[in-house]
Amino acid sequence: MSGKSRFCLSLMVGIACLHPIAAAAQMQDRQSFDLPTQDLGDALRKVAEQAGIELYASSADLAGRRTGPLKGDITPREAIETLLRGTGLTARFERGSVIILGRAQSEISPAQEDIVVTGSRISGTPSAAPVIRVTSEDIRNGSQADLGEVARSIPQNFGGGFNPGIGNGQGAPNENANVNGASTFNLRGIGPNATLTLINGNRFAYTGVSSVIDVSAIPVSAVERIEIVADGASAIYGADAVAGVVNILLKRDYDGASAMARVGASTDGGNVQQQYGLLGGKAWSSGGLLAAYDYSRSSAIRAGDRDYAGAANAETMLFPATWRHSLLLSGHQAIGPDVTLAADLLYKKSRLHSVTGYSLALAPDQLGLDNVSTSESFGIAPNLSAELGGDWRFKASGFFGTDRTGGFSDLFFGGNLLAHIDKHFFNRNLALEAGFQGPLFALPAGDVRIAVGGGARRNHFFAASPTGDVRRRRDNLFAYGELLVPVTAPAQEIAGLHSLSLTAALRFEDYSDAPSIMTPKLSVVWEPAEILRLGASWGRSFKMPTLYQQYSGYSAIMGRAARYGSGYPASANIIFAAGPDSRLGPERSENMTLSAQLTPSRGVEFTAAWYRIDYTDRVATPIPSLVGVLDNPLYADLVTLNPDADDLAAIIDGALLGLENNTGRPYDPATIVAFIDARDRNIARQRYSGVDLSMRYRIEFDGGKELALSAAGSFLKSRQQILPGAAWTPLAGTLFRPSRFRGRAGVTYGGDRFTLAAFVNHMSGLDDDRQAVRMRIPSYNTLDLTARVRLGKRTDVSLAALNLFNAKPTAIVTALPSETPYDTTNYSPTGRFVGLTVRQEW
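Residues numbered from 1 in each chain as written. Predicted model: local features only at pLDDT ≥ 70, side-chain atom pairs only at ≥ 80, totals over all residues. Heavy atoms only, no water.

Counting its secondary structure elements, the chain contains nine helices and 44 strands. In terms of overall size, the chain behaves like a compact globule, its C-alpha atoms giving a radius of gyration of 28 Å where 842 residues would be expected to give roughly 28 Å. With respect to the three principal axes, the spread of C-alpha positions in the chain is 100 × 60 × 50 Å. When each of the 842 residues of the chain is scored for burial, the buried share is 53%. For the chain, the share of sequence-separated contacts (at least 6 apart) that also reach a separation of at least 24 residues comes to 68%. Carbon and sulfur atoms form 58% of the exposed surface of the chain, whose accessible area is close to 34,400 Å². (Helix = DSSP H or I, 4+ residues; strand = E, 2+ residues; numbered from the N terminus. Rg over C-alpha atoms; globule rule 2.2 N^0.38 Å. Buried < 20%, exposed > 50% of the residue type's maximum accessible area, 1.4 Å probe, protein only. Contact = heavy atoms within 4.5 Å. Areas by Shrake-Rupley, 256 points an atom, 1.4 Å probe, with all protein chains shown as cover.)

Dropping the structure here:
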């Protein structure tokens with residue numbers, strides 16, 4: 001670990017040690033309450049605020065209810081139970097939170113679907129892995145304009161994959177790309193389609209050529225919070241949840257309206273941003289409706305405006321010009337006392353424009369590329385939930401979505417248009433799912449609960465290209481089961497076993513183009529005492545190759561054998577195949593997580609988690625270089641000597657363009673001494689391990705002021721083996737890969753009238769290992785400041801200075817002027833950004 005990384009870790013630990021020595025009130029400690037007769041919801045919120053716990057409740061259950069006065073020295077638990085007496089409602093106490101349940105249920109009613117458990121199908125299941133939560137208030141204090149910016153600020157996330165700032169020549173082909181300006185989560189840097197992203201627990205439309213959703217399409221004003229479980233979850237959710245699951249939870253029962261306007265720019269030039277948004281909602285006793293609209297646009301950042309980009313053409317755009325319209329609707333309605341209908345709808349239309357110069361001396365329209373990408377996506381996810389009696393519940397959900405990515409690329413040579421290439425990608429996703437959950441039987445610690453269900457998904461993909469169209473469909477049937485066994489509960493008052501629960505899950509998946517897959521998961525959560533929670537989980541996960549990755553076709557190329565091996569006559573030739581292979585299958589992983597969460601006093605929380613991911617059958621190109629391949633025994637299994645003419649004919653017939661002959665002489669099967677199969681295959685193995693640390697500390701002052709400290713950091717070690725028997729090579733800490741350590745620490749102070757927030761971001765250095773002599777890229781540190789002031793009762797003004805000291809990327813060696821001269825997966829060309837936001841509420 002570098003000295004700066006050690007310093008950052010020491011700083012985080014130092015902040016974490018600043019908790020109060022005299023423990024403040026906890027759930028079991030007595031406090032003084034003096035509340036008048038008032039609305040039940042208001043009374044519950046005041047008790048929760050005084051106790052320092054989170055309150056979850058449905059406005060439909062609380063609507064119209066009043067409570068009598070509450071006065072005395074009692075525990076928060078006793079206070080809440082007193083307020084609920086005679087209402088028919090009950091309280092369920094989790095660590096740090098209380099859930100208000102309707103009609104004396106022991107779990108959550110269908111009308112309370114805003115209480116979403118990320119990482120489980122059973123309501124109320126404790127998570128063995130820490131749940132990373134980012135609230136709407138956190139987003140505003142961080143002055144983050146969209147969820148893409150939120151994702152890139154999280155230490156466990158990697159900026160590579162599919163994001164709007166990804167440049168040219170950034171690692172392995174198609175690994176880091178900017179297809180249509182979409183933003184994605186990419187936990188641990190395993191890949192954006194190895195992180196499953198949900199909206200209110202539902203999948204949404206894939207975008208571009210990868211199985212990901214564009215999170216920047218979701219208006220940030222509609223988001224209540226984001227929950228991230230960085231642990232394999234295929235046994236719960238199916239494919240793609242190798243690195244974990246991200247659940248974006250929308251605001252529910254929002255009543256009011258607001259409008260916002262935001263303007264800002266980078267002080268070094270370019271990146272002039274405008275953003276305008278509307279949010280409106282109406283809640284009534286049996287339901288609610290939310291609508292949000294967001295428009296944003298930003299100008300490009302050109303290489304000529306950045307002093308570290310001298311190796312690129314001055315007109316090259318380091319960050320594209322973009323604009324985006326987004327619309328979101330979310331609603332729910334109770335149909336009688338036991339049935340609730342709900343739906344979420346999302347629409348986005350966007351455009352991206354980028355320019356790349358291929359020469360330092362000539363303008364891009366003389367020698368270069370002009371690229372325009374457009375995207376239009378639509379998705380709707382309806383669901384129905386019903387209470388069946390006996391605490392059993394049923395839920396059925398569906399999803400239909402489409403995404404069209406279009407545009408063109410114009411290639412210029414000598415001032416003339418050399419080629420105009422249209423692009424078109426289309427995704428259509430359809431899903432249906434139904435499930436039940438409820439109690440099986442009772443144990444002394446509580447009910448043994450089960451969740452079972454199944455469903456079907458269908459994904460269509462179409463891509464048009466000059467070499468041939470790709471039109472494919474994948475069908476998927478699945479069934480799942482999950483069991484929660486409470487072993488001990490707080491009410492039993494067993495020393496050292498305040499709470500203990502076991503969870504087991506199993507999921508079966510059957511695909512139209514792959515063998516069936518079974519994924520298990522086991523977890524245990526143990527609380528020796530109320531202030532300490534320990535968790536352990538083990539499971540298997542998987543990811544299917546994308547339809548484009550699997551079916552976009554390969555090339556068959558004929559070359560002279562002397563270039564690929566020694567001792568061959570001048571007349572000898574070879575044929576090699578390279579590119580995607582339709583025989584690709586699922587990638588598989590084994591995940592393990594150990595975690596600890598400590599809440600020694602009110603407002604203080606520490607979490608730590610160790611994780612390990614053994615990722616096998618990763619799709620990779622098996623031969624990084626064909627030079628000398630015939631002489632290297634490592635590749636012997638990929639080489640067929642003296643191949644049969646019929647086999648060669650089959651290879652050539654299946655290639656996109658037939659045989660591409662680079663020898664300058666006619667094809668004769670008798671001269672082919674070897675066939676080299678360099679097509680992508682499930683062959684690589686990767687290992688990821690590390691530690692996540694976080695802390696939160698909140699202090700309340702007189703006058704409603706509050707000071708909040710937070711810190712989070714993620715250590716990552718990862719390596720890769722391309723072929724069995726090949727050497728392991730490091731991933732984390734190298735160029736175009738995640739750093740070994742990322743951290744973010746913040747302090748927020750304020751009250752009803754103002755808020756001041758500061759965040760320090762740290763990323764450890766990287767090794768540029770592309771050449772014989774490694775070059776060290778130093779660590780990267782930024783400071784973000786935000787000041788928010790409330791004018792009158794409903795007007796907020798926010799001023800932000802992000803990257804206050806204007807930290808810049810380190811320039812790297814490039815082979816061509818068209819390559820971006822810094823690591824765009826880890827660094828941003830934005831530099832210092834100053835923005836002003838005005839928000840008006842009604």
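A word on the sheet that holds strand β32 (residues 639-641). Here five strands make up an open sheet; going across it, the order is β32-β34-β29-β28-β33 and the pairing mixed. Every other strand in the sheet has two partners, leaving β32 and β33 (659-661) as the edge strands with one partner each. Going across the sheet, the axis of each strand differs from the next one's by a mean of 20°, ignoring polarity. Sheet contacts for helix α9 (residues 645-654): β28 (555-560), β29 (573-579), β33 and β34 (672-679); angle to β34, the most-contacted strand, approximately 40°. (Pairing = 2+ DSSP bridges. Axes fitted to C-alpha atoms, helices over the stretch in contact; angles between N-to-C directions.)

Attention now goes to the side chain of Gln-721. Inspection of the secondary structure puts Gln-721 in strand β36 (residues 706-721). Its relative accessible area of 14% is what places Gln-721 among the buried residues. In this structure the side chain of Gln-721 is engaged in a polar contact, spanning 2.9 Å, whose partner is the backbone oxygen of Ala-726. Other than its neighbours up to four places away in sequence, Gln-721 contacts Ile-683, Ala-684, Arg-685, Ala-726, Ala-727 and Trp-728. (Polar contact = N/O pair within 3.5 Å; in protein donor to acceptor, adjacent residues only side chain to side chain.)

Once that is clear, we can look at the sheet that holds strand β8 (residues 131-135). Spatial strand order, β8-β10-β11-β9: four strands in an open sheet with mixed pairing. Looking along the sheet, the strands with just one partner apiece sit at the ends: β8 and β9 (195-199). Across this sheet, the average inter-strand angle for adjacent strands is 15°, counted without regard to direction. Direction of pairing for β9 relative to strand β11 (residues 244-250): parallel, over a ladder of five bridges. By the bridge assignment for β11, Thr-195 is matched with Gly-244.

Turning our attention to the packing of aromatic side chains. A ring pair, where both rings are aromatic, is described by two values, the distance of the centres and the angle of the planes. Here the structure, examined in full by the defined rule, presents 12 aromatic pairs. Here Tyr-511 and Phe-542 contribute two aromatic rings whose centre-to-centre distance is 6.1 Å and whose plane-to-plane angle is 80°, an arrangement assigned as edge-to-face. Taken together, the positions of Tyr-511 in strand β25 (residues 499-511) and Phe-542 in strand β27 (residues 532-543) put the pair 31 residues apart, joining distant regions of the chain. Residue classification places Tyr-511 among the buried residues on the basis of a relative accessible area of 7%. (Phe/Tyr/Trp six-rings, centres within 6.5 Å; stacked < 30°, edge-to-face > 60°.)

Okay, helix α2 (residues 40-51) next. Under the 1.5 Å per step criterion, the end-to-end length of α2 is 17 Å for 12 residues, consistent within 8% with the ideal 16 Å. Listed in full, the buried residues belonging to α2 are Leu-40, Gly-41, Ala-43, Leu-44, Val-47, Ala-48 and Ala-51. The arc enclosing the buried residues of α2, seen along the axis, measures out at 165°, which places them on a common side. Directly after α2, the chain includes Gly-52, whose backbone phi takes a positive value near 75°. (Expected span 1.5 Å × (residues − 1). Arc of directions from axis to C-beta.)

Before going further, it helps to examine the confidence of the model for the chain. Averaged over every residue, the pLDDT of the chain is 89; the share at 70 or more is 93%. Looking across the chain, the model is least confident in helix α1 (residues 3-16), with a mean pLDDT of 41, and most confident in strand β15 (residues 301-302), with 97. Here residues 103-115 is modelled with pLDDT under 50, and outside its nearest four sequence neighbours on either side it reaches 54 contacts, counting other chains as well. (pLDDT = per-residue confidence, 0-100.)

Further remarks concern the pairing of strand β44 (residues 833-841). Pairing of strand β12 (residues 256-266) with β44, which is carried by nine bridges, proceeds in the antiparallel orientation. In the strand pairing of β44, Gly-264 is matched with Gly-835. Relative to β44, strand β43 (residues 795-802) runs antiparallel, the two being bridged by eight bridges. Bridged to Ala-801 within β44 is Val-834.

Within the largest apolar cluster, 43 residues are counted, with the highest numbers of intra-cluster contacts made by Leu-147, Ile-218, Ile-226 and Ile-248. Secondary-structure elements contributing two or more residues to this core are α6 (147-153), β10 (223-229), β11, β14 (287-298) and β31 (604-620). Apart from residues no more than four positions distant in its own chain, Ile-248 is found in contact with Leu-147, Thr-197, Leu-198, Ile-199, Asn-200, Val-215, Ile-218, Val-223, Arg-225 and Ile-226. (Core = buried A, V, L, I, M, F, W, Y, C linked by side-chain atoms within 4.5 Å.)

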